[in-house]
Amino acid sequence: MKEEEVNRCQIQEWYPKFKPYLLDDSGPFLLPLSVSNEDALPNRIHNPYEEEDLQVSEGSGDEAEEPSLPPIFPELELQVKESIESLGGAVFPKMNWSAPKDSAWISTTGTLKCTTFSEIALLFKASDSLVHDLLHAYDSCNDKSLSRPKNFFLALRKWYPSLRPEMEFRCFVKGNQLVGISQREVTTLYPIIEKKNDILLLIQEFFDNHVRGRFESENYTFDVYITKGERVKVVDFNPWGAFTLPLLFTWDELEQILVSEEDEVEFRIVEHQCAVRPGLKTAVPYDYLNCGPGSGWDQFMRNANAELQRQTEFPEADV
Ligand SMILES: Nc1ncnc2c1ncn2[C@@H]1O[C@H](COP(=O)(O)OP(=O)(O)OP(=O)(O)O)[C@@H](O)[C@H]1O
């Protein structure tokens, strides 16, 4: 994979060309981000540590250590506030390539819906997906010269509360041919088998008319959403291979598909309960997964057993 192929999948690169085919055809808002503290600090207008009631009291023993100042971004905060308002009050935030999907658990709604700057900041700070954008986006490039992109953007897209997960599909394009389509949400069986052929035709037609030739790479993936009115909308573009999830395919399988002149597309959806895939389990704290000796779960079971034992030895009066 080449750096230029990775670069084309940044939202600020692809969205102007595909604006008519987005769910949010009025947006998204793209706000340039500065990730260096030096740039952010001169803009500081509110410093909580300078407020009297928050000063460290004398004699605490901490006087030698200056508390580190949290960076604040007043201009960006204002732009975010205005963008959220013009997008109807709620947004879906992402950076150049990724949304902070892995930190949805930390938000009060358990989703990526944000209505304020601080909700966005909370999701971003807790996300490993964004660390990929910040530091590892070019790790799989065979012509790697960059360690991070030249510019970072905060993309704010209008929040859609009722997207139907079974209507999202990842499309795999190899040598400018659509070679595979996979259902995007593979952890549940949805009753869409009867619609499979219609969906395939819709996506194929959309690819031929609007994507092929317009997206400049030869090999890439793109995600689409099919609306109730059977319109195909672009959700995202991703590079071919590397960090992009192949979902119901494997990258080996996709690599082996021979590109032919006939538009043969392998379309995979979850068709039986047995074909349901487990969730990736990346979106929960490690404590949730770790049941081994010494873990929180282990401790909980020990306490519960001790309590049961106590109740058996000293049963309470039957009142
Ligand atoms: N505007 C929106 N409102 C609500 N949900 C959205 C919106 N845009 C995307 N989503 C949901 O969030 C999911 C992830 O979106 P997106 O593809 O932009 O993130 P990503 O980090 O690039 O994901 P991936 O790395 O898998 O491509 C989508 O599959 C969709 O279900």
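Residues numbered from 1 in each chain as written. Predicted model: local features only at pLDDT ≥ 70, side-chain atom pairs only at ≥ 80, totals over all residues. Heavy atoms only, no water.

**Student:** Explain empty space enclosed by the protein here, please?
**Tutor:** Over the atoms, a rolling probe the size of a water molecule traces out where space has been left empty. All told, the structure shown has 1 cavity of 30 Å³ or more when counted by the stated rule. Estimated volume of the largest cavity: approximately 30 Å³. If you trace the largest cavity, you find it lined by Gln177, Leu178, Gln204, Phe207, Asp208, Arg212, Asp263 and Val265. Of all the elements in the fold, those that place two or more residues in the lining of the largest cavity are strand 5 (177–183) and helix 7 (196–211). (1 Å grid on protein atoms, 1.4 Å probe; cavity = no way out; pocket = protein on both sides within 12 Å on 5 of 7 lines; lining within 4 Å. Points joined across faces, edges and corners; volume = space filled by probe spheres on them. Helix = DSSP H or I, 4+ residues; strand = E, 2+ residues; numbered from the N terminus.)

**Student:** Sorry if this is basic, but what is going on with the environment of Glu255 here?
**Tutor:** Structurally, Glu255 is set in helix 8 (residues 251–256). Between the alpha carbons of Glu255 and Lys174 there is a distance of 8.6 Å; along the sequence they are 81 residues apart. Among all residues touching Glu255, those that are not within four sequence positions of it are Lys174 and Trp240. A distance of 3.0 Å separates a polar atom in the side chain of Glu255 from a polar atom in the side chain of Trp240. (Contact = heavy atoms within 4.5 Å. Polar contact = N/O pair within 3.5 Å; in protein donor to acceptor, adjacent residues only side chain to side chain.)

**Student:** Even after reading the chapter, I still don't get the site of the ligand, so can you show me in this structure?
**Tutor:** Lining the immediate environment of the ligand, one finds 16 residues, of which Ala99, Lys101, Glu168, Arg184 and Asp236 sit closest. Between the ligand and the protein, one listed contact pairs an oxygen atom with a backbone N or O atom of Ala99 at 2.7 Å. Contact between the ligand and Lys158: a nitrogen atom at 2.7 Å from a main-chain N or O atom of the residue. Taking 630 Å² as the accessible area of the ligand by itself, protein coverage stands at 84%. Broken down by secondary-structure element, the contributors of at least two residues to the shell around the ligand are strand 2 (91–94), strand 4 (168–174) and strand 7 (232–239). Taken together, domain 1 (3–51 + 71–158) and domain 2 (165–275) each give at least three residues to the shell around the ligand, which thus spans both. (Near = heavy atom within 4 Å. Areas by Shrake-Rupley, 256 points an atom, 1.4 Å probe, with all protein chains shown as cover. Domains from an automatic or database assignment.)

**Student:** It is not clear to me how the sheet that holds strand 3 (residues 152–158) should be interpreted in this structure. Could you clarify?
**Tutor:** Pairing between the strands of a sheet comes from backbone hydrogen bonds, and it takes one of two forms, parallel or antiparallel. If you walk across this open sheet you meet the 3 strands as 1-3-2, and the pairing is antiparallel. A single partner strand is all that each edge strand has here, and the edge strands are strand 1 (29–33) and strand 2. Pairwise comparison of adjacent strand axes, ignoring direction, gives a mean angle of 25° for this sheet. Sheet topology note: the strand 1/strand 3 ladder contains 5 bridges and is antiparallel. Directly across from Leu30, in strand 3, lies its bridge partner Ala155. (Pairing = 2+ DSSP bridges. Axes fitted to C-alpha atoms, helices over the stretch in contact; angles between N-to-C directions.)

**Student:** Teacher, can you tell me more about unusual backbone geometry here?
**Tutor:** The bulk of non-glycine residues show a negative phi, and the bulk of peptide bonds are trans. At Ala242, a residue that is not glycine, the phi angle is positive and equals roughly 50°. Structurally, the position occupied by Ala242 is in the loop between strand 7 and helix 8. Taking the relative accessible area as the measure of exposure, Ala242 reaches 43% and is therefore partly exposed. Phi is positive for Leu247, close to 55°, though the residue is something other than glycine. Among the residues examined, Leu247 registers a relative accessible area of 15% and is labelled buried. (Buried < 20%, exposed > 50% of the residue type's maximum accessible area, 1.4 Å probe, protein only.)

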